[in-house]
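Each chain is listed here by its residues.
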Amino acid sequence: MTGTLPTSVTQELGPDALLQAYRTMRTIRDFEERVHEEFAGGDIPGFVHLYAGEEASATGVCTHLDDRDAIASTHRGHGHCIAKGVDVKAMMAEIYGKSTGSCRGKGGSMHIADLSKGMLGANGIVGGGPPLICGRALAAKQLGSGGVAVAFFGDGASNQGTTLESLNLASIWNLPAIFVAENNGYAEATSSSWSVATDDIADRAAAFGMPGVIVDGFDFFAVYEAAGEAIARARDGGGPTLIEVKFTRYFGHFEGDQQLYRADEVAQAREKLDCLKRFRGRVTETGQLTGDQLDAIDVEVAKLIDESVVEAKAAPKPGPDDLLTDVYVSY
Amino acid sequence: MTGTLPTSVTQELGPDALLQAYRTMRTIRDFEERVHEEFAGGDIPGFVHLYAGEEASATGVCTHLDDRDAIASTHRGHGHCIAKGVDVKAMMAEIYGKSTGSCRGKGGSMHIADLSKGMLGANGIVGGGPPLICGRALAAKQLGSGGVAVAFFGDGASNQGTTLESLNLASIWNLPAIFVAENNGYAEATSSSWSVATDDIADRAAAFGMPGVIVDGFDFFAVYEAAGEAIARARDGGGPTLIEVKFTRYFGHFEGDQQLYRADEVAQAREKLDCLKRFRGRVTETGQLTGDQLDAIDVEVAKLIDESVVEAKAAPKPGPDDLLTDVYVSY
Amino acid sequence: MARSITYREAINEAIAQEMERDERVIVMGEDNVGGTGSPGEMDAWGGVLGVTKGLYGRFPDRVMDTPISESAFIGAAIGAATGGLRPVAELMFVDFMGVCFDQIYNQAAKFRYMFGGKAVTPVVIRTMWGAGLRAAAQHSQSLLSVFTHIPGLKVVVPSNPYDAKGLLIQSIRDDDPVIFAEHKMLYDTAGDVPAESYAIPFGEANVVREGDDVTIVAIGRMVATAQEAAEQLAGSGIQAEIIDPRTVSPLDTDTILESVENTGRLVVVDEANPRCSLATDISATVAQDAFGSLRAPIQMVTAPHTPVPFADSLEDVFIPDAQKVANAVKTAVEWKK
Amino acid sequence: MARSITYREAINEAIAQEMERDERVIVMGEDNVGGTGSPGEMDAWGGVLGVTKGLYGRFPDRVMDTPISESAFIGAAIGAATGGLRPVAELMFVDFMGVCFDQIYNQAAKFRYMFGGKAVTPVVIRTMWGAGLRAAAQHSQSLLSVFTHIPGLKVVVPSNPYDAKGLLIQSIRDDDPVIFAEHKMLYDTAGDVPAESYAIPFGEANVVREGDDVTIVAIGRMVATAQEAAEQLAGSGIQAEIIDPRTVSPLDTDTILESVENTGRLVVVDEANPRCSLATDISATVAQDAFGSLRAPIQMVTAPHTPVPFADSLEDVFIPDAQKVANAVKTAVEWKK
Ligand SMILES: Cc1ncc(C[n+]2csc(CCOP(=O)(O)OP(=O)(O)O)c2C)c(N)n1
Ligand SMILES: Cc1ncc(C[n+]2csc(CCOP(=O)(O)OP(=O)(O)O)c2C)c(N)n1
Ligand SMILES: [Mg+2]
Ligand SMILES: [Mg+2]
């Protein structure tokens, strides 16, 4: 199972970077598993879309990014936030609608953002992010910052006009933009094999004059490598790339989804394809990391998530005065 | 110059059909040339976009259509209207804002329509037509009418999200829809070679799982043949096609445009590529029609256009009471 | 025969009965079936909150899923309406109108006028609106004033199951484009609804409660809020008349003006943002056409000029409640020049 | 030093001066240069009506053409604004908002609130509005109420060259998203405009004419119409006070309320469609907050509830004229209970 992984790439990343990547993926997984439980407990309000199963995408891409770079996310945004360095405790508090949250309780799961980290927000509008990312890429280009901008979006969003327009705009403006189509097989209950008229979303790249690649989204190293190439090209003035990442989501579309439309693909994926298992297998096989090192991270992450929930629950809600603030910078 | 034309196609059309096609193209040309003059004279208000030079597209496509079929047009809609059988005098009156106009003076050049002819309207919104055409194609399919629906749109419109979405929708719903991208090289003053990120708009077909073809838009027979194939496939349940028609427009983007952004491509096209000249050369060369037959049509058309202007000028304007009618069927 | 069913069921029943009656009625939207192309069951969703559930089983050829391409499929519904069908298309949340609004206001709404009276576009766009579900800024908006502003559209806002059924049947039969706005917090509310088919005409307000001291015009979910306030006020001897317009375009101004002519006071309750809203629309009409009867300042009870917040502690203050309505009524009643 | 220049020139000058002052200001829109990729001249258009003409010559790296993809490029302007630029993007006609509205109201307008006050989005969206050019239903709309309804947006409506320059400079410097609405019929009107840079603060109405008998609030091109009516009325001894809000969000309600407190009468003139409009917004505010001063019914002079017709004979009746304004004023002045 790990034999298909590109070896040169594993070698390129030193132990610290590998540990960091593992920590990010593990944090996302635990965060989501925990939100899943807490939601079932009735404590978390609103619509919550979990990223479990897809960790290698956000992590593989964001490992290449730094403070110059920006990302835009989707309704399924927790993973992207964590991978771009948004504070996990603030995120959890946000999901609980507390004043200590990333958005002081005003945004919730679908709007977690941290502009100071170049994280432009989860987005409740399917296809909302790609235009914004064209703008961030344009800003990076105009200001000569060397930054790139990455739009994450789903298979469903790949049919949205705003996404398609953005591919064209990024191409003709030759922007340092990367479009990551996260194809988890479904938009809500609808199969991407039906809703996307091509075999692969990556096929759409040619329609907008940019390279398109497909990667195994369960494989951190595959994502890391494809993203690395695209991001390097973008930083070099070589323009945008469309990367299709294929995997499955472990939970329902949102919490509460009965998932009658699915087969048993999740059990299979969790067993055979899981990004954390494969990562562990790979890096211990090559001897770059030990199982103990990874176990230690597991323990730390579990503690962090635990604390984040405890603290979120204990945190105060925003007060009525907060209702009217933050509409304008000045009015 | 005529040697490149497909012979089998010319043969397929009998003399009556050929005369009719010529009449349509000549009517469009004369209509547009005359509106151009009248606009310069200051009598025609508003924004007017002329189709001269592009006649073979509307005519080549609509020659295949009948009452079951619908088309949607653009701001540059006169040619499509004429080719789909809208009354020429009513069109001219509409452009003059008269109560005898196709839309009783309420629509003007950008909104000429005749639903009774399956002509869904010129459209002031770039990319407005393709979604509507998906609907007309769906209706034909659901009602089993055997009809098809055709969206005409420009190179500029090929970058609009609404157009791109429609390609996908038509494909996955397997609709009897034909998308005709009229690439005249410009969207306003902006070159399609810049604004469209691919070499050819037809390249986009693959991104939406449908066949894409490119045709010489100055050549009636080439358009006729490509459209015939696509329309037959659509009627047979074979789904949509994207046809890119390439040519140049003879006038400015709209009347009043100084056209500083152009080279002298128009003079060249009028001289060497013109669809009327090529048609005449071809059908007289093969002996299917005589020059006299075509000249007779020229005379008839000239008279029709002349009358249409005289009558339009003499016609009454809508009265103030008309302002409030036609908003709802019932309110 | 009337049974108690929910607002959700009433909507489903209205569509089913119209589909039964008229073959031209089709249904489309994102996961309105749910499961197209997927390995598991079809009709797995019936819309995100289950409103169209079961229709696919009964009318498999006439209920269809769509890709996430609102411009294309809402536009397709509109185009199909010009071609002999009577589509009922779902714009899941009204908040998503921004990706497809052109097809609604520049196309559907204007065809008839632009084409000189020669177009008929019988399309219904069902959409979910309103706050209260902790769904935050992009899934909780009202936005009905935006549609009401547009000539050529009709805007329907049922506040209870009975109206939902009758108004939806009328919407489907109506030959003009209709925005049918379903309040997401009302889906589970139940009420008596006849089993047989019936249509409620547009432009006829419902006087939900009679009273002589003040006229309260309330929209959608706010009708219940106004009723709660009215009960409270009755305790203090103030009798409120409550008017539910049911359709805001057309708006039954006659009923509103007549009521104000009797009560002399107007309170408008609307959970939307305040600027250029239905609240201002109704207030301004009264200030123009029933001024002579007004004995006190018009009071508008609305959400503040802010996006909808996520936290419950904020959203609960964002949405007008009975206390605010009662206070506004008191301000009007106690007002002295 | 003030010279007489046109509204079009005033706008161009404002952008040029801000681009000069601040490198982060960029300009984008369809054919805002004109000629990109084409064989002839660059800067062939400077926008469809020539408003940005010449900017490309001076700032070739900061003025860019866009494809016809309003969602993508308006969204890009918004994204760029969060990333350190101060974009001035052109939505050619406001009528086209329907293909990109989501980016404006769900993204730009809500970032700051949804993100707990931690976003700043200094984007200006210039757009052309209004009737009168025989441009028919899809190129003549007003639609400003739709933007005004949205919390988080500012909406600016200059009625003359002086205001156009000063308000646009303020718009570019402002840290919130601004809709800058240019009336297409005003581009050729001239007026005195200082050559130097100046900013007009938002939310400060201009009292264009003083008078004690009636308050006329007029928007955009209607300010001139109101002035024409006022001249006429002065002949009959009626002195109208005319208020030009200049920005409708924020709206300077204080100035309006104070004026009505003095005159006791309000006429609102707005060329937009009537329902849920700026006219109803301003009227309702007055009916709520200055009721005690009102001595007559509020009069709204607006377009009818119809799309904009093409024929001149209809469009001229569609747009409010001085006669209609004068009649409304007379109705108010002559009104007796
Ligand atoms: C414009 C818009 N349309 C519809 C929705 C409702 N919606 C939310 S998520 C979703 C499915 C998205 O599918 P995909 O892009 O594949 O992302 P995934 O959920 O699989 O991560 C839909 C239809 C929305 N939020 N915005
Ligand atoms: C949504 C929208 N954006 C912009 C415009 C303004 N506009 C009208 S025609 C046009 C150019 C269209 O180019 P193309 O699609 O190539 O058609 P052509 O004019 O060449 O026939 C533009 C930008 C519009 N009418 N609608
Ligand atoms: Mg998906
Ligand atoms: Mg073109």
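From a predicted model like this one, the values you see are computed outputs, not experimental measurements.

**Some remarks on the relation of the copies chain D and chain C**
Then, number 1: Between chain D and chain C, which share one sequence, the superposing operator has a rotation angle of 180° and an axial displacement of 0.0 Å; the RMSD is 0.0 Å. One copy is carried onto the other by what is essentially a two-fold rotation axis.
Then, number 2: Taken together, the interface assignments show that 100% of the residues at the interface of chain D recur at the interface of chain C, consistent with an identical surface on both copies.

**Quick look at the coordination of the magnesium ion (ligand 4)**
Ideal geometry at a metal gives 109.5 degrees between four tetrahedral donors and either 90 or 180 degrees between six octahedral ones.
All names here are of chain B.
Then, number 1: Donor atoms from the polypeptide that coordinate the magnesium ion (ligand 4) comprise Asp155 (OD), Asn184 (OD1) and Tyr186 (O), at 2.0 to 2.1 Å from the metal.
Then, number 2: Read from N- to C-terminus, the donor residues coordinating the magnesium ion (ligand 4) fall into the pattern D-x28-N-x1-Y. Note that aspartate 155 is positioned in the loop between β2 (149-154) and α7 (161-172) and asparagine 184 in the loop between β3 (177-183) and β4 (186-187), a separation of 29 residues in sequence.
Then, number 3: Taking the relative accessible area as the measure of exposure, aspartate 155 reaches 1% and is therefore buried.

**Details of the sheet that holds strand β9 (residues 206-209) of chain D**
Residues and elements named next belong to chain D.
Then, number 1: Within the open sheet, the five strands sit side by side as β9-β11-β10-β13-β14. Their pairing is mixed. Either end of the sheet is taken by a strand with one partner, and the two such strands are β9 and β14 (299-302). Ignoring strand direction, the axes of neighbouring strands in this sheet form an average angle of 25°.
Then, number 2: Direction of pairing for strand β13 (residues 266-270) relative to β14: parallel, over a ladder of four bridges. Note on β14: the bridge partner recorded for valine 269 is valine 301.
Then, number 3: Helix-sheet contacts for helix α9 (residues 278-289) involve β10 (214-218), β13 and β14, and the interaxial angle to β13 is about 160°.

**Examining the interface of chain D and chain C**
Then, number 1: If you look at the interface, chain D gives 59 residues, while chain C gives 59 residues.
Then, number 2: Summed over both sides, the interface between chain D and chain C buries roughly 4,800 Å², with carbon and sulfur atoms accounting for 62% of that surface.
Then, number 3: In terms of surface lost to chain C, no three residues of chain D exceed D:His149, D:Arg275 and D:Phe291, which account for 16% of the buried area on that side.
Then, number 4: Joining chain D to chain C, the criterion identifies two salt bridges.
Then, number 5: When the shortest N-O distance is used, the salt bridge between C:Arg275 and D:Asp281 registers 2.8 Å.
Then, number 6: Here chain D and chain C share 33 residue pairs in polar contact (both at pLDDT 80 or more) between them.
Then, number 7: Broken down by class, the residue content of the side of chain D that touches chain C amounts to 32 nonpolar, 20 polar and seven charged.

**What about a positive patch on the surface?**
Then, number 1: On the surface, a cluster of positive charge is made up of C:Arg295, C:Lys337, D:Arg295 and D:Lys337.
Then, number 2: Mapped onto the secondary structure, C:Lys337 falls in the segment after α11 (322-334).
Then, number 3: The class for C:Lys337 is exposed, based on a relative accessible area of 74%.

**Considerations on the packing of aromatic side chains**
Then, number 1: Tallied over the entire structure, the rule returns 38 aromatic pairs over all chains.
Then, number 2: A ring pair is formed by B:Phe221 and B:Phe279, whose centres lie 5.3 Å apart and whose planes are at 5°; its orientation type is stacked. Linking B:Phe221 in helix α9 (residues 220-235) with B:Phe279 in helix α11 (residues 275-285), this pair joins segments that are 58 residues apart in sequence. B:Phe279 matches B:Phe221 in its accessibility class, with the two residues each being buried.
Then, number 3: The aromatic ring of A:Phe251 is capped on one face by A:Arg270, whose charged end is 5.5 Å from the ring centroid.

**Examining the sheet that holds strand β2 (residues 149-154) of chain A**
Residue and element names in this part refer to chain A.
Then, number 1: Sheet architecture is open: five strands sit in the order β1-β2-β3-β7-β6, paired in parallel fashion. Pairing within the sheet leaves two strands with one partner each, and these edge strands are β1 (70-72) and β6 (212-216). Taking each pair of neighbouring strands and ignoring which way they run, the sheet shows an average axis angle of 20°.
Then, number 2: Here six bridges tie β2 to strand β3 (residues 177-183), and the two strands are oriented parallel to one another.

**Section: the UniProt feature "domain: Dehydrogenase E1 component" (unreviewed entry) in chain A**
Then, number 1: According to UniProt, the "domain: Dehydrogenase E1 component" (unreviewed entry) feature falls on residues 24-320 of chain A.
Then, number 2: Counted over residues 24-320 of chain A, helix gives 43% and strand 10%. Its end C-alpha atoms are 36 Å apart.

**Let's talk about the coordination of the magnesium ion (ligand 3)**
Residues and elements named next belong to chain A.
Then, number 1: Taken together, the protein ligands of the magnesium ion (ligand 3) are Asp155 (OD), Asn184 (OD1) and Tyr186 (O), with distances of 2.0 to 2.1 Å.
Then, number 2: For the magnesium ion (ligand 3), all donor residues lie on one chain, and their spacing in sequence is D-x28-N-x1-Y.
Then, number 3: Among the residues examined, asparagine 184 registers a relative accessible area of 6% and is labelled buried.
Then, number 4: Overall, the relative accessible area of 7% leaves tyrosine 186 in the buried class.

Here is what the cut-offs are and how they apply
- Residues numbered from 1 in each chain as written.
- Chains lettered and ligands numbered in written order.
- Predicted model: local features only at pLDDT ≥ 70, side-chain atom pairs only at ≥ 80, totals over all residues.
- Heavy atoms only, no water.
- Least-squares fit on C-alpha atoms with pLDDT ≥ 70 in both.
- Contact = heavy atoms within 4.5 Å.
- Donors = N, O, S within 2.8 Å, 3.2 Å for Na, K, Ca; no water.
- Helix = DSSP H or I, 4+ residues; strand = E, 2+ residues; numbered from the N terminus.
- Buried < 20%, exposed > 50% of the residue type's maximum accessible area, 1.4 Å probe, protein only.
- Pairing = 2+ DSSP bridges.
- Axes fitted to C-alpha atoms, helices over the stretch in contact; angles between N-to-C directions.
- Buried area = accessible area lost by both parts, 1.4 Å probe.
- Salt bridge = Lys/Arg side-chain N within 4 Å of Asp/Glu carboxyl O.
- Polar contact = N/O pair within 3.5 Å; in protein donor to acceptor, adjacent residues only side chain to side chain.
- Nonpolar A, V, L, I, M, F, W, Y, C, P; charged D, E, K, R; others polar.
- Patch = residues over 30% accessible without salt bridge, like charges linked within 9 Å, V, L, I, M, F, W, Y side chains within 5 Å.
- Areas by Shrake-Rupley, 256 points an atom, 1.4 Å probe, with all protein chains shown as cover.
- Lys, Arg positive; Asp, Glu negative; His and termini not counted.
- Charge placed at Lys NZ, Arg CZ, Asp CG, Glu CD.
- Phe/Tyr/Trp six-rings, centres within 6.5 Å; stacked < 30°, edge-to-face > 60°.
- Lys NZ or Arg CZ within 6 Å of the ring centre and 35° of its normal.
- UniProt positions renumbered as here; feature names shortened; annotations may be inferred.

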